[in-house]
Amino acid sequence: MTDRLRIAVQKKGRLADESFAMLKKCGLNFSVRGDGLLARVKNMPIDLLLVRDDDIPNFVASGACDFGLVGENVFAEEVLASEDMDIEIVRRLGFSRCRLCLAADADGPIQSPQDLNGTKIATSYPGVLNAYLKDNGIKAACVEMKGAVELAPRIDIADAICDLVSSGATLEANGLAPFATILESEAVLIGSGRKLGPNKQAIFDRLLSRIDGVIRSKDSKYIMLNAPRSQVDAITKILPGSDAPTIIPLAGSDDLVAVQAVCTENVFWQTLEDLKAAGARAILVLPIEKMMN
Ligand code: PRT
Ligand code: ZN
């Protein structure tokens, strides 16, 4: 039992679905049902503790869990709010991206961070906000709210807010405009400074190498195309994020070759148009499901 790796994951909310999807892509077989606090992974010695995201840093720091998946915003807040929390980011995971922004009345007097001197700012992130204010020599009071922060200026609780923004629709609907980003956030895998026993370490190493594979394969594509041999150099330069491509002679042609390459960056329509202009034909872009180096 003690040799099962325990990972804290948000049970329900903006992080949950993508966290579960990523772990499933890593080959973990589990199901999340009803009110359960624990999801047991059937094919690896791993248990998922299903909790509120705010509890995740603490569970990892205290040793109740070995690792956790949480928003960088929550990680940063916990680290800044309690000085001796021994947790660290192990990997950035690239989903649930958002920004922690300063915002105020779109037509009001606060249009830049310096205008915040002498004002009140509502936020659920007092640790991150106070660190930012201190670093930038701004003297403002922080009003802590657990939710509905965007309503604070309208009901005169604060002059400005510091809140998470994704599309910007919530700010706009409340007549607010962002004027500075104080933290760029995405989901992160966090761990503690504690040493794992050899069994747990081996399970974690295996999981981490799969997570790395999932991260790398996310934007990666396999490109296949035909091209005149003389154009191979020009075409290789256009392929985004690819190492040396494989060049294969085409049966029945002295001039044409097949070019195949793994591209580790996004392949846009513009890329295909550029390849075509450089002489490529029969261009195929295929998704890559798994990668391991
Ligand atoms: O119940 P639990 O405590 O677990 O969840 P929660 O309600 O505290 O958090 P949840 O599920 O809302 O968010 C979890 C994490 O998702 C956050 O900590 C962020 O890391 C990330 N995330 C990504 C976001 C957003 N995007 C986001 N847009 N978290 C919150 N928002 C809110 C924001 O606070 C604002 O109210 O969405 C609104 C703004 O969205 P836009 O699209 O209108 O700009
Ligand atoms: Zn929460």
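A. Spotlight on the sheet that holds strand β8 (residues 141-144). Taking strand neighbours across the sheet as the criterion, the 5 strands line up as β8-β7-β9-β6-β10 in an open arrangement whose pairing is mixed. Strands with a single pairing partner mark the edges of an open sheet, and in this sheet they are β8 and β10 (176-185). The mean angle between the axes of side-by-side strands here comes to 30 degrees, regardless of whether they run parallel or antiparallel. By the bridge criterion, 6 bridges tie strand β6 (residues 98-105) to strand β9 (residues 160-165) in an arrangement that is antiparallel. Counterpart to Ala-104 in the pairing with β9 is Ala-160. The strands that helix α3 (residues 72-81) touches are β9 and β10; relative to β10, the one it contacts most, it runs at about 75 degrees.

B. Quick peek at the packing of aromatic side chains. According to the stated counting rule, one finds 2 aromatic pairs in the structure shown. We note Lys-24 situated over the ring of Phe-30; from NZ or CZ to the ring centre the distance is 4.7 Å.

C. Region of the structure containing the domain arrangement of the chain. What the domain assignment reports for the chain is domain 1 (5-96 + 187-217), domain 2 (98-185) and domain 3 (220-287). The C-alpha-based centres of domain 2 and domain 3 are spaced at 48 Å.

D. Summary view of the site of ligand 1. With respect to spatial proximity, 21 residues lie near ligand 1, and among them Arg-14, Asn-73, Ser-167, Gly-168 and Thr-170 are the closest. Between Arg-14 and ligand 1, the recorded distance is 2.7 Å, taken from a backbone N or O atom to an oxygen atom. At 2.8 Å, a backbone N or O of Ser-166 approaches an oxygen atom of ligand 1. If ligand 1 stood free it would expose 840 Å²; the protein chains cover 78% of that surface. In terms of residue count, the dominant contributor to the shell around ligand 1 is β9 (3 residues). Tallied by class, residues from the shell around ligand 1 come to 6 nonpolar, 9 polar and 6 charged. Here the shell around ligand 1 spans two domains, and each of domain 1 (5-96 + 187-217) and domain 2 (98-185) adds at least three residues to it.

E. Local environment of the coordination of the zinc ion (ligand 2). Only Asp-53 (OD) and Asp-54 (OD) from the protein reach the zinc ion (ligand 2) as donors, at distances of 2.0 to 2.1 Å. Every donor counted, the 4 donor atoms about the zinc ion (ligand 2) form angles of 75 to 173 degrees at the centre, which fits irregular coordination. Of the residues examined, Asp-54 reaches a relative accessible area of 39% and is grouped as partly exposed.

Procedures and definitions
Residues numbered from 1 in each chain as written. Chains lettered and ligands numbered in written order. Predicted model: local features only at pLDDT ≥ 70, side-chain atom pairs only at ≥ 80, totals over all residues. Heavy atoms only, no water. Pairing = 2+ DSSP bridges. Helix = DSSP H or I, 4+ residues; strand = E, 2+ residues; numbered from the N terminus. Axes fitted to C-alpha atoms, helices over the stretch in contact; angles between N-to-C directions. Contact = heavy atoms within 4.5 Å. Phe/Tyr/Trp six-rings, centres within 6.5 Å; stacked < 30°, edge-to-face > 60°. Lys NZ or Arg CZ within 6 Å of the ring centre and 35° of its normal. Domains from an automatic or database assignment. Near = heavy atom within 4 Å. Polar contact = N/O pair within 3.5 Å; in protein donor to acceptor, adjacent residues only side chain to side chain. Areas by Shrake-Rupley, 256 points an atom, 1.4 Å probe, with all protein chains shown as cover. Nonpolar A, V, L, I, M, F, W, Y, C, P; charged D, E, K, R; others polar. Donors = N, O, S within 2.8 Å, 3.2 Å for Na, K, Ca; no water. Tetrahedral: all angles 85-135°; square planar, octahedral: opposite > 155°, others 65-115°. Buried < 20%, exposed > 50% of the residue type's maximum accessible area, 1.4 Å probe, protein only.

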